[in-house]
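For reference, the chains in residue letters:
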Amino acid sequence: MQNKGLIRVFAILFGLVCLYQLSFTYFTNQTEEKASAYAAEQVDTTVEDYVDKRGEVERRYLDSIGNDPIALGITYNDAKEKELNKGLDLKGGMNAILEISVADILRGLSNNSTDPAFNQALDQAAETQKNSQNSFLEDFFDAFEAIPGDNKLASPDIFANTTLGEKVNFNMTNDEVEPILAQEVEESINSAFEVLRNRIDKFGVTQPNIQRLDNQSRILIELPGATDIERVKFQLESTAQLEFYKTHYASNVAPYLLQVNAELKELVAPAQEEEAVAEVDSTESTDDSIEDLLASEEDSISPAQANNPLFEVFSFNPAIQQYAQAPIIGYAQVKDTATINRYFSMPEIVRLRPQELRFAKFRWGINEAETDVVPLYALQSDRSGAPAMDGDVVQDSRQQYTQAGQPSVGIDFEGQGPGQWAKLTGEVATEGNAIAIVLDGTVYSAATAKAEISGGATEISGSFTVTEAQDLANVLKAGKLPASAKIISYDVVGPSLGQEAINSGLMSFVIALVLVLVWMVFYYGKAGLFADVALAVNILFIFGILAGLGAVLTLPGIAGIVLTIGMSVDANVLIFERIKEEIARGKSQKDAIKDGFSNALSSILDANITTFLTALILFLFGTGPIQGFATTLMIGIGTSLFTAIFVTRLFIDGYGKNGKSLDFCTGATRNLFTNFNKDFLAKRKVAYIISGVLIVVSLVSLFTNGLDQGVDFVGGRNYTIRFENPVNATEVEQKLIAELESAQAKTYGEANQLKVTTKYRIEEEASEVDEDIQQRLYTALEEYLPADLTLAQFVKGGSSDDKVGILEYNKVGPTIADDIKKDSFWAVLGSLVVVFLYILLRFRRWQFSLGAVAAVFHDVLIVLGIFSLTYQFMPFNMEIDQSFIAAILTVIGYSLNDTVVVFDRIREYMKEYGTSRKMGIIINQAINSTISRTLNTSMTTLIVLLAIFIFGGASIMGFMFALIVGVLVGTYSSIFIATPVMFDTIQKKALKPEKQKEDEEPVA
């Protein structure tokens, strides 16, 4: 090997750089352990919500010492930026995919056009998106073109308006307008991205991540340590449309609501009476006078009274009697607001409105303190729905306190804002009503004014906690989004589950590493010891590169590293086996080592490039943890090549330079496989029959049993729930179905842990849906939970010492589930095409590519079939999700790795023997000469996979099981499928018919 000195210097320097990069992680861990200990001293376990309070103390401690040197002049903040990032599954936290509404952007650009064709195209595009891979804008253009008639985007009623007047004129064709709209939409989404970035930067979590996805309107957001889904939703989904309205007097609205109730008796009650027997005579009625309704709580209409549809879910504000100008009309529970909104929107009800309420907006306020009751307001507006004052004039906002010491939000105005505010407060002072401060359609406060207020500032007060007030101020300060945003998919991992994942990941890592190190020494003696040193250097390089690149280490990423340990020895195995062959041919040790490294290089490169290509496709098509797996696998392949080819060579050459003898075996393995000479091709027909039966059984099972598709592919919500004691999954499932209509419960890891999946209300995106489901879960499971466990503790189960409750949950909407499924299909298909082309390029014959792809199809079908046959009774989760697709692509890579090594030896023998030796004999000799490497690599890889499967934790068992099956099937197919298929196709093309029989004669 030339330039040994240069390689040695590079390896040492690179190792030192990796140690330097990892030192930041060590320093931050040490500091955070001190912060955790300090928080434990400050907050005792007897304090309510002590876990959250300790977290706050810990954050304050770290903030206070952030700029202080912690080691070698490095500050904590500097070290934190450079540490090895841990993914949400290891650290706890939330990631979400947010979709910006392109429909809202288009409506804004059209000035909320009422053009029928425009609105029909928007509705059609929204429907098409459920099964489309196009962007919303592309589907909108197609839908608009398909509408009958001469419809023009440049119509004055659509986009040739004051908003786009300088860019769009009515003489433009649709083709000319489309790129302008595409540019406007892109700028709006970029604006939304920056607004969200500003909000996240103030969220208070370390190392947040925000990035645009391939889909035009989707944004990925990762928030390590954030587990409060409602707080995150508020921060991300708030459009921040701030408006100020004058309120109607509650006493003026009450008579209208009495009329509404009377009308609803005819519209709603008859249908209800047909479904149930009335408990009260239908002729009975209440006196519809406001005095009686408000006389006292006892006399007011209650849910028990029949035939009062509105007042069964709504009650008047008792204060109206004493204060007729009160802004709050009445109250309702959050769960009933949708019903009341539906009532108010009915055409028959709208027609009842008196002149003064003709353009009124009925809006709900925020929850009363620690209740699910919200107030109702009637806001003054005009025909256009405009507020008295718009929030665009807000200059700054901050969290502050009222005179009573309650958290509030202060607002400063700019431009015309101070003048508008003075005018508005003056009018309210004269009229005696209130100013409602409305954010995204929700009334946050409604305050009166005794006189005109100048100075350009106001205050939003309500039942806020400090955190809520800070979040509201943050949202207002960051600015409003150009369109509504919805979280269409999210994952939330509790911190305790993250710590368990770290522990199980480290355990599997250490056990796998020890087993591989011992195996290499057992099989190859001192040479195996050199390979072990190279493997240790390889691991250092992997972690150092991950830290240096700022990559995120996830649980699948750890699996990728551990799998790399198993696969990285493959290069050393190839080299050592080749050196043994050269020694067996009578070469000196020095020449055998030189030729062994040289001759093995082609196989090593081909095998690793095919695996790298599948990992690259996985990285391009995957998201989140799957990209983490692909990243570590690709890095591992690169570092494995360097350490196996160069670092191992340095040790071997250094050991043998003084004439020392180096055996590449031990007493137990010296003659293993040396005289192995089997006729594998003669068994190919039996193999075809066996594989054919397995494939048929797999296909039948796939068409009948199907697969256990996870929420990634079908949409829904997943909850990982831990109980104090073991529970019966079937029994729990029945109780959940009664509460949630659709539910599935499976034991997940230990007997006291379940994974619950439900599609209940999956189409609904309102924030209260998650709260409703959590409440229903708590109700259904209450008998299995500790008696003193509250709903709040159940939802934050992963944060308590008991670790009872919800540890992890995620949601995937139907639309994105469909996209994930299609992306996964293209990922698998793409990997097959790329590998086919690569093998065709390298081996110059399509028969080699056909054999490799046939083996891969064989392996994938059998893995799918086994999952289909066994998922109903296996004691661990076998859902088909993105992780499973990662496993399938890894199986493809491994199978190809194995196949390419055999093909490479066949190509070498074909060049060496030419036409002097028959093809069948060449192929059998190639398989026999590589059988030691094939079994050795498979053995080390299986050892690693079994270690992860047993010790790696419940969340990764299905993933590992797929890999274990894949390795077994892939090892078999490389010998009995790929090579025979190549042989059967190449001999018919290149050999004479009379020679075929001779070629198939056994070689031994």
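Only a predicted model underlies this, so the values are computations on that prediction, with no experimental measurement involved.

### Section: the nonpolar core
Now for step 1: If you look at the biggest cluster of nonpolar residues, it comprises 124 residues, and the most contacted ones within it are Met-520, Phe-576, Ile-839, Phe-884, Ile-892 and Ile-906.
Now for step 2: Here this core takes 17 residues from helix H31 (residues 957–990), the largest share from any one element.
Now for step 3: Excluding residues that lie within four positions of it along the chain, Ile-906 makes contacts with Phe-848, Ile-922, Ile-923, Ala-926, Thr-979 and Met-982.
Now for step 4: Residues Val-102, Ala-103, Val-732 and Leu-740 belong to the second largest nonpolar core, which totals 78 residues.

### Re the sheet that holds strand E22 (residues 750–758)
Now for step 1: Ordered in space as E5-E6-E4-E18-E23-E20-E22-E21, the eight strands form an open sheet in which the pairing is antiparallel. Each edge of the open sheet is held by one strand with a lone partner, namely strand E5 (209–212) and strand E21 (744–748). Averaged over neighbouring strand pairs, the angle between their axes works out to 20° when direction is ignored.

### Observations regarding the packing of helix H1 (residues 4–42) against helix H18 (residues 526–549)
Now for step 1: It is the contact of H1 with H18, at a shortest axis distance of 8 Å, that shows an interaxial angle of 55°. By the criterion of interaxial angle, the relationship of H1 to H18 is oblique. At the point where H1 passes H18, the crossing takes the left-handed sense. Where H1 abuts H18, its residues Ala-11, Phe-14, Gly-15, Cys-18, Leu-19, Gln-21 and Leu-22 lie against Leu-540, Phe-541, Phe-543, Gly-544, Ile-545, Ala-547 and Gly-548.
Now for step 2: For the contact of H1 with H18, the class distribution of residues is ten nonpolar, four polar and no charged.

### Details of the environment of Pro-116
Now for step 1: Note on placement: Pro-116 falls in helix H6 (residues 116–128).
Now for step 2: Pro-116 sits 35 residues away from Asn-151 along the chain, and the two C-alpha atoms are 10.0 Å apart.

### Overview of a negative patch on the surface
Now for step 1: A contiguous patch of negative charge on the surface is contributed by Glu-138, Asp-142, Glu-145, Asp-175 and Glu-176.
Now for step 2: Mapped onto the negative patch, the elements with two or more residues apiece are helix H7 (136–146) and helix H8 (174–201).
Now for step 3: Considering each element in turn, the negative patch owes the most residues, three residues, to H7.
Now for step 4: Within the secondary structure, Glu-138 is located in helix H7.
Now for step 5: On the basis of relative accessible area, Glu-138 is assigned to the partly exposed category, the value being 40%.

### Things to note about helix H29 (residues 882–913)
Now for step 1: The end-to-end C-alpha distance of H29, which contains 32 residues, comes to 46 Å, matching closely the 46 Å that a straight helix rising 1.5 Å per residue would cover.
Now for step 2: Along H29, 26 of the 32 residues are buried, which leaves the element largely enclosed by surrounding structure.
Now for step 3: Gly-914, located one to two residues past H29, shows a positive phi value of around 55°.

### Thoughts on H6
Now for step 1: Between its terminal C-alpha atoms H6 stretches 18 Å, which fits the 18 Å expected from 13 residues at 1.5 Å a residue.
Now for step 2: Within H6, the full set of buried residues consists of Ala-117, Phe-118, Ala-121, Leu-122 and Ala-125. Looking down the long axis of H6, one finds its buried residues gathered within 140° of arc, a one-sided arrangement. Exposed and facing more than 90 degrees away from the buried side of H6 are Pro-116 and Asp-123.
Now for step 3: Where the residues of H6 are buried, they touch helix H5 (102–109) and H7.
Now for step 4: Sitting at the amino-terminal end of H6 is Asp-115, which places a side-chain oxygen 3.1 Å from the backbone nitrogen of Ala-117.

### Digging into the confidence of the model for the protein chain
Now for step 1: Per-chain confidence: the protein chain averages 80 in pLDDT, with 86% of residues scoring 70 or above.
Now for step 2: A low-confidence stretch, residues 293–305 stays under pLDDT 50, and its non-local contacts, those more than four residues away or across chains, total 18 contacts.
Now for step 3: Between residues 989–1004, whose pLDDT stays under 50, and residues either more than four places distant or in other chains, the model counts 24 contacts.

### Topic: the sheet that holds strand E14 (residues 407–413)
Now for step 1: Read from one edge of the open sheet, three strands run E13-E14-E17, paired in antiparallel fashion. Each edge of the open sheet carries a strand with a single partner, namely strand E13 (394–401) and strand E17 (457–461). Strand-to-strand twist of the sheet, defined as the mean angle between neighbouring strand axes without regard to direction, takes the value 25°.
Now for step 2: Here five bridges tie E14 to E17, and the two strands are oriented antiparallel to one another. Bridge pairing in E17 links Gly-410 to Glu-459.

### What to know about a nonpolar patch on the surface
Now for step 1: Taken together, the side chains of Phe-612, Leu-616, Leu-620, Phe-621, Phe-825, Trp-826, Leu-829, Val-833 and Leu-837 define a hydrophobic patch exposed on the protein surface, amounting to about 820 Å² of accessible area.
Now for step 2: Taken together, the elements giving at least two residues each to the nonpolar patch come down to helix H20 (589–621) and helix H27 (814–843).
Now for step 3: At five residues, the largest contribution of residues to the nonpolar patch is made by H27.

### Focus on the pairing of E13
Now for step 1: In the sheet, E13 pairs with E14 via seven bridges, with the strands oriented antiparallel. Counterpart to Ser-397 in the pairing with E14 is Ile-411.
Now for step 2: In textbook terms, the turn of a hairpin is the stretch between consecutive antiparallel strands, and for E13 and E14 this stretch comprises five residues, one of which, Gly-405, has a positive phi near 85°.

Cut-offs used in this document
- Residues numbered from 1 in each chain as written.
- Predicted model: local features only at pLDDT ≥ 70, side-chain atom pairs only at ≥ 80, totals over all residues.
- Heavy atoms only, no water.
- Core = buried A, V, L, I, M, F, W, Y, C linked by side-chain atoms within 4.5 Å.
- Buried < 20%, exposed > 50% of the residue type's maximum accessible area, 1.4 Å probe, protein only.
- Helix = DSSP H or I, 4+ residues; strand = E, 2+ residues; numbered from the N terminus.
- Contact = heavy atoms within 4.5 Å.
- Pairing = 2+ DSSP bridges.
- Axes fitted to C-alpha atoms, helices over the stretch in contact; angles between N-to-C directions.
- Parallel < 35°, antiparallel > 145°, perpendicular 65-115°, else oblique.
- Left-handed = near helix turned anticlockwise from the far one by under 90°.
- Nonpolar A, V, L, I, M, F, W, Y, C, P; charged D, E, K, R; others polar.
- Patch = residues over 30% accessible without salt bridge, like charges linked within 9 Å, V, L, I, M, F, W, Y side chains within 5 Å.
- Areas by Shrake-Rupley, 256 points an atom, 1.4 Å probe, with all protein chains shown as cover.
- Salt bridge = Lys/Arg side-chain N within 4 Å of Asp/Glu carboxyl O.
- Lys, Arg positive; Asp, Glu negative; His and termini not counted.
- Charge placed at Lys NZ, Arg CZ, Asp CG, Glu CD.
- Expected span 1.5 Å × (residues − 1).
- Arc of directions from axis to C-beta.
- Polar contact = N/O pair within 3.5 Å; in protein donor to acceptor, adjacent residues only side chain to side chain.
- pLDDT = per-residue confidence, 0-100.

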